[in-house]
Amino acid sequence: MSMACQKCRQQLPLPPHSIIFRCECGNLIPLGNSDRSLPVQEHGRFSSKMRRFRDKFRRNNSRKNSLSRSPSTSPRLSLIFTKPPPSGKRALLCGVTYKKEKFRLRGTLHDVNSMRNMLVQKFSFSDDSILILAEEEAYKPPTRRNILEAFKWLMADLKSGDSLVFYFSGHGLRQPDFSDDELDGFDETICPLDFRTKGMIIDNAINDILVKPLIPGVTLHAIIDSCHSGTVLDLPWVYKEKKWADDRPPSGTNKGTSGGRAIGFSACRDNQLAADTSAFSAEKTMMGAMTYTFIKALSENPNITYQGLLDYMQKEIEKVNKARCPLLKVFQRKIDQEPVLSSSEEFDTNIKFKL
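Residues numbered from 1 in each chain as written. Predicted model: local features only at pLDDT ≥ 70, side-chain atom pairs only at ≥ 80, totals over all residues. Heavy atoms only, no water.

Considering the overall build of the chain
When its secondary structure is counted, the chain shows seven helices and 17 strands. A buried classification covers 44% of the 355 residues belonging to the chain. In the structure as shown, the chain presents an accessible area of about 19,400 Å², 52% of it carried by carbon and sulfur atoms. (Helix = DSSP H or I, 4+ residues; strand = E, 2+ residues; numbered from the N terminus. Buried < 20%, exposed > 50% of the residue type's maximum accessible area, 1.4 Å probe, protein only. Areas by Shrake-Rupley, 256 points an atom, 1.4 Å probe, with all protein chains shown as cover.)

Here's the deal with the packing of helix H2 (residues 108–123) against helix H6 (residues 289–300)
Running from amino to carboxyl end, H2 crosses H6 at an angle of 15°, the nearest separation of the two axes being 10 Å. Taken as axis vectors, H2 and H6 run roughly parallel relative to one another. The way H2 lies across H6 gives a crossing that is left-handed. Residues Asp111, Ser114, Met115, Met118, Lys122 and Phe123 of H2 form the contact with H6, whose own contacting residues are Thr291, Phe294, Ile295 and Leu298. (Axes fitted to C-alpha atoms, helices over the stretch in contact; angles between N-to-C directions. Parallel < 35°, antiparallel > 145°, perpendicular 65-115°, else oblique. Left-handed = near helix turned anticlockwise from the far one by under 90°. Contact = heavy atoms within 4.5 Å.)

Observations concerning unusual backbone geometry
The phi dihedral of Asp234 is positive, around 55°, even though this residue is not glycine. Structurally, Asp234 can be placed in the loop between strand E11 (219–225) and strand E12 (237–240). Unlike most non-glycine residues, Lys242 shows phi in positive territory, near 65°. You can see Lys242 is positioned in the loop between E12 and strand E13 (243–246). For Lys242, a relative accessible area of 54% gives the class exposed.

Considering the packing of H6 against helix H7 (residues 306–322)
One can describe the packing of H6 onto H7 by two numbers: an axis separation of 9 Å at closest approach and a directional angle of 125°. Regarding the angle of H6 to H7, the classification is oblique. Like other packed secondary-structure pairs, H6 and H7 cross with a definite hand, here right-handed. Along the contact surface, H6 presents Met290, Thr293, Phe294, Lys296, Ala297, Leu298 and Glu300, while H7 presents Leu309, Tyr312, Met313, Glu316 and Ile317.

What about the environment of Leu298?
Here Leu298 lies in helix H6. Judged by its relative accessible area of 1%, Leu298 is buried. Distance from Leu298 to Phe353, taken between C-alpha atoms, is 8.8 Å for residues 55 residues apart in sequence. With residues up to four places along the chain from it excluded, the contact list for Leu298 reads Met118, Lys122, Phe123, Ile304, Leu309 and Phe353.

Regarding the pattern of salt bridges
Between side chains of opposite charge, pairing is possible as soon as their charged atoms come close. Taken as a whole and assessed by the stated rule, the structure comprises 16 salt bridges. Glu136 is the partner of Lys99 in a salt bridge, and the nearest nitrogen-oxygen pair spans 3.2 Å. Of this pair, Lys99 sits in the loop between strand E5 (89–95) and H2 while Glu136 is found in the loop between strand E6 (130–134) and helix H3 (144–155), placing the two residues 37 residues apart along the sequence. For Lys99, a relative accessible area of 36% translates into the label partly exposed. A single salt-bridge network, built from bridges that share partners, covers Arg174, Asp184 and Glu188. (Salt bridge = Lys/Arg side-chain N within 4 Å of Asp/Glu carboxyl O.)

Some thoughts on the sheet that holds strand E10 (residues 201–202)
Pairing is antiparallel across the open sheet formed by three strands, whose spatial order is E8-E9-E10. Looking at the sheet topology across the chains shown, the edges are occupied by strand E8 (172–176) and E10. Bridge analysis of strand E9 (residues 186–190) against E10 gives two bridges, and the strand direction is antiparallel. Looking at E10, one finds that Ile190 is bridged to Ile201. (Pairing = 2+ DSSP bridges.)

So, the packing of aromatic side chains
Across all of its chains, the model carries 14 aromatic pairs by this definition. Ring geometry for Tyr239 versus Trp244: centroids 5.1 Å apart, planes at 65°, classification edge-to-face. Grouping residues by exposure puts Tyr239 and Trp244 together as buried. Ring plane angle 90° and centroid distance 5.8 Å describe the contact between Phe294 and Phe353, whose orientation is recorded as edge-to-face. Remark: Phe353 occurs in the segment after strand E17 (340–343) and Phe294 occurs in helix H6; sequence separation between them is 59 residues. With a relative accessible area of 0%, Phe294 lands in the buried category. (Phe/Tyr/Trp six-rings, centres within 6.5 Å; stacked < 30°, edge-to-face > 60°.)

Side note on the nonpolar core
Counting residues in hydrophobic clusters, the biggest one holds 38 residues, and the most contacted among them are Leu93, Leu119, Phe265, Phe294, Leu341 and Phe353. Elements with a minimum of two residues in this core: E5, H2, E6, strand E7 (163–169), E12, strand E14 (261–266), H6 and H7. In this structure Leu119 touches Ala91, Leu93, Ser124, Phe125, Ile130, Val165 and Leu355, once residues within four positions along its chain are discounted. Core analysis: the second largest hydrophobic core is formed by 33 residues, Leu131, Leu158, Leu164 and Val218 among them. (Core = buried A, V, L, I, M, F, W, Y, C linked by side-chain atoms within 4.5 Å.)

Rendered as structure tokens:
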């Protein structure tokens, strides 16, 4: 192959590997616009590293392009946060395992699956009306950001008649209250997967996002299986000793809804710990004590009331504590928790529980 010099018109042979060369007349001839591909010679460690970097770059670019063309190829990249939620019934289920931490929980994934099955089989929730956050490949991780985004999904486009469920299984903590809206002086929190770096979600925020926007005809049931969760929704009424007690904040801040109803079932009182235990399972499967007793009560008693749910859960916990082997009580930790019912308004707890 040859090419002509633009200055002297002399036909010159095309060099094999150069991208520029000099004609005998002194003219520099660039070959960068040539249509032929130039062979690349790679030798030694540096070239090998560059080749690997190039191949990796190409693979990553190819993967990004394919994801931009088809965002839903992986469940973890699902567009469910951007799709409008279905009207009627919808549920957000969060199970935080903290897999890489010393304080890992072993029963939360089992809890989420059990709750999802109950909603589908007993209360006729559809699969597309349930959003799950969990530390499994099929789901988005329950990070602080994802939980807050999922809250928006749950609360979007509310209409009268909507029935909402928020379920959380994970760690809960408390911290001093500096806004004078807690009778006991502490704010309760739930702990996302990344709470040590991104922070917890406190009860004030949960109330602002999930409770206050509820319009007339909309009901939210929050089921929280975590420590210190008694008043984690900051609802103004708490059911104690078979009657409603006023739990409105000293500051006078409104913690109610915009006409709807919020009902909370919590694993324990604010000063108690919630158990992640195998005491209820012959196969020693780990699970949340509150979640297990809650689902069992509804499975065995289709027409159970709110009062009946509380009583059943407490009796099941007492039954397990009494069944502990006397010789092994030192090694078998007592489940010391009392489920709590709270609400945005007083209501008759002898009515049938429904979602």
